[in-house]
Structures are given as structure tokens and as C-alpha cells.
Amino acid sequence: SALDNAGKYLSYSDTVQLTPYDTIKPPAPVIKYATVLNDSQIGLFWHKSIPKVKLYEISMRTGNGVWQVKDTVKIDTSFIFSKLNTPDSVYDFRVLAIDSCAANRSRPSVFHSPVQLGGKDQNLCNLLTWKRYEGWTGVDKYYIYQLVNNTWKLIDSVGGTTLSYLQSGLPC
């Protein structure tokens, strides 16, 4: 409607029906971390996106393979991948946000890949080696634990660029 300058006359228009649409993609999710839970499971945890995002598409790849969508979850910010072979395989994970207006999809998150531990027994010592954690801008420290009487005990830590640890003085 329109009102004249004197404020005396009001004119109404006809009506029009419009449907707004959304072409703005949500920002890519930010993964907090991926962690090995046991020999067959890895947990993935990420930050909640903007409020209009209600779905997250979770993908995984093995080694340098192709990305495979594993699931789409509603509102959750964590997912447990099962039936994996964590001692022998390297896994990468990423998340996409899908908004609730027009199903616009974000770019994929930065992929994360948890530490994969290896080792070699030596003369009265063990040499532990590992693949670095990928996804963060850097790692401050790696903590070395040993299972003693069914309890994990911290035995040492090394700098974030170190990818091996020699545990010496072990009994035969």
C-alpha cells in the first residue's frame, strides 16, 4: 500500500504470492576429533553447525581410497563407525552439513584420521611407531600408555612431531 505525502489517501496494491528460496550453503562443519575406541570401532565428534542445519552426512575412506557416505544423521554431533579393522587399516573421516531450507550442502569438513599404532619387539625393549594424527593444525604431544593389571598407566609423552618411542629396560 502507499500513503500520499499529506497523509490523506491510502492506496492498496493487488497481491502476489512468492516462495522464498535459499541458495546459501552452510559453512563446513568443524571436526573436534576422531579416536579409536577398540579393534573394530572409531568415534567421530564434531561441532554443531549453524541453527538451520539439521542433517550431517558422514563419509569415510580407507587409505587413499574413494570417499563413501556411511550415514546421514539428524542434529547429532557424534557417530561411531563399526566393523572396522583398526589395527591394520588407516581410516579418514569427514562431515558435510545439510541445511533444512533447501537441502543446501556445505563443503566437506577438513578430514580427520586418528593415530594408528605399530610396534616392534626388540632386545629387552619395545619400539612403538605410529602414523601421525591428521586433521588438526598440529599436535602438541603424544602420550604413551601401558596396560598394567587391566589399568592404563601413563608412562611418558613425546613432542607432537615425534612418531616413535623406545620403551627400554623391560624384563625378559
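These remarks concern the structure in this document.

Conventions used here
- Residues numbered from 1 in each chain as written.
- Predicted model: local features only at pLDDT ≥ 70, side-chain atom pairs only at ≥ 80, totals over all residues.
- Heavy atoms only, no water.
- Pairing = 2+ DSSP bridges.
- Helix = DSSP H or I, 4+ residues; strand = E, 2+ residues; numbered from the N terminus.
- Axes fitted to C-alpha atoms, helices over the stretch in contact; angles between N-to-C directions.
- Phe/Tyr/Trp six-rings, centres within 6.5 Å; stacked < 30°, edge-to-face > 60°.
- Polar contact = N/O pair within 3.5 Å; in protein donor to acceptor, adjacent residues only side chain to side chain.
- Contact = heavy atoms within 4.5 Å.
- Buried < 20%, exposed > 50% of the residue type's maximum accessible area, 1.4 Å probe, protein only.
- Lys, Arg positive; Asp, Glu negative; His and termini not counted.
- Salt bridge = Lys/Arg side-chain N within 4 Å of Asp/Glu carboxyl O.
- Core = buried A, V, L, I, M, F, W, Y, C linked by side-chain atoms within 4.5 Å.

## Section: the sheet that holds strand S6 (residues 68-74)
Okay, so step 1: Judged by pairing direction, the sheet is antiparallel, and its 3 strands sit side by side in the order S6-S5-S8 without closing on themselves. This sheet does not close on itself; its edge strands, each paired only once, are S6 and strand S8 (91-99). Sheet twist, expressed as the average angle between the axes of neighbouring strands with direction ignored, equals 25°.
Okay, so step 2: Across 6 bridges, strand S5 (residues 53-62) lies against S6 in antiparallel orientation. Among the inter-strand pairings, Met60 is bridged to a residue of S6, identified as Gln68.

## Thoughts on the packing of aromatic side chains
Okay, so step 1: Counted by the stated rule, this structure contains 8 aromatic pairs.
Okay, so step 2: With centroids separated by 4.8 Å and ring planes inclined at 25°, the aromatic side chains of Tyr33 and Phe45 adopt a geometry described as stacked. One end of the pair, Tyr33, is in strand S3 (residues 31-38); the other, Phe45, is in strand S4 (residues 41-46), and 12 residues separate them in sequence.
Okay, so step 3: Measuring from ring centre to ring centre gives 4.5 Å for Phe81 and Phe93, while their planes differ by 45°; the resulting arrangement is tilted. Of the two residues, Phe81 is situated in strand S7 (residues 78-81) and Phe93 in strand S8; the sequence distance between them amounts to 12 residues.

## Re the sheet that holds S3
Okay, so step 1: Spatially, the 3 strands line up as an open sheet ordered S3-S4-S7, and their pairing is antiparallel. Unpaired on one side and paired on the other, S3 and S7 mark the two borders of the sheet. Strand-to-strand, the axes of this sheet are offset by a mean angle of 15°, without reference to chain direction.
Okay, so step 2: Here S4 pairs with S7 via 4 bridges, running antiparallel. Each residue of the ladder has a partner; that of Leu44, found in S7, is Phe79.

## Regarding the side chain of Asp99
Okay, so step 1: Relative to the helices and strands, Asp99 is located in strand S8.
Okay, so step 2: Looking at Asp99, its side chain comes within polar contact range of the side chain of Lys52, at 3.3 Å.
Okay, so step 3: In this structure, Asp99 is in contact with Asp22, Ile24, Pro26, Lys52, Val53 and Asn104, ignoring residues within four places of it in sequence.

## Structural notes on the side chain of Arg94
Okay, so step 1: Note on placement: Arg94 falls in strand S8.
Okay, so step 2: Nearest to the buried, unbridged Arg94 among oppositely charged side chains is Glu57, at 6.1 Å.
Okay, so step 3: When neighbours within four sequence positions are excluded, Arg94 is seen to be in contact with Ile31, Glu57, Ile58, Ser59, Trp67, Pro108, Ser109 and Phe111.

## Observations concerning the nonpolar core
Okay, so step 1: Counting 24 residues, the largest nonpolar core has Leu44, Trp46, Tyr56, Ile58, Phe81, Phe93 and Trp130 as its most contacted members.
Okay, so step 2: At the level of elements, S3, S4, S5, S7, S8, strand S10 (125-131) and strand S11 (141-148) are the ones that each hand at least two residues to this core.
Okay, so step 3: In contact with Ile58, other than residues within four places in its own chain, are Leu44, Trp46, Gln68, Val69, Lys70, Asp71, Val73, Phe79, Phe81 and Arg94.

## Examining the pairing of S5
Okay, so step 1: The element S5 is extensively covered by neighbouring structure, given that 7 of its 10 residues are classed as buried.
Okay, so step 2: Judged from the 9 bridges that link them, S5 and S8 form a sheet pairing that is antiparallel. Among the inter-strand pairings, Met60 is bridged to a residue of S8, identified as Phe93.
Okay, so step 3: Hairpin connection, S5 to S6: the antiparallel pair is bridged by 5 residues, and Gly63 has positive phi, about 60°.

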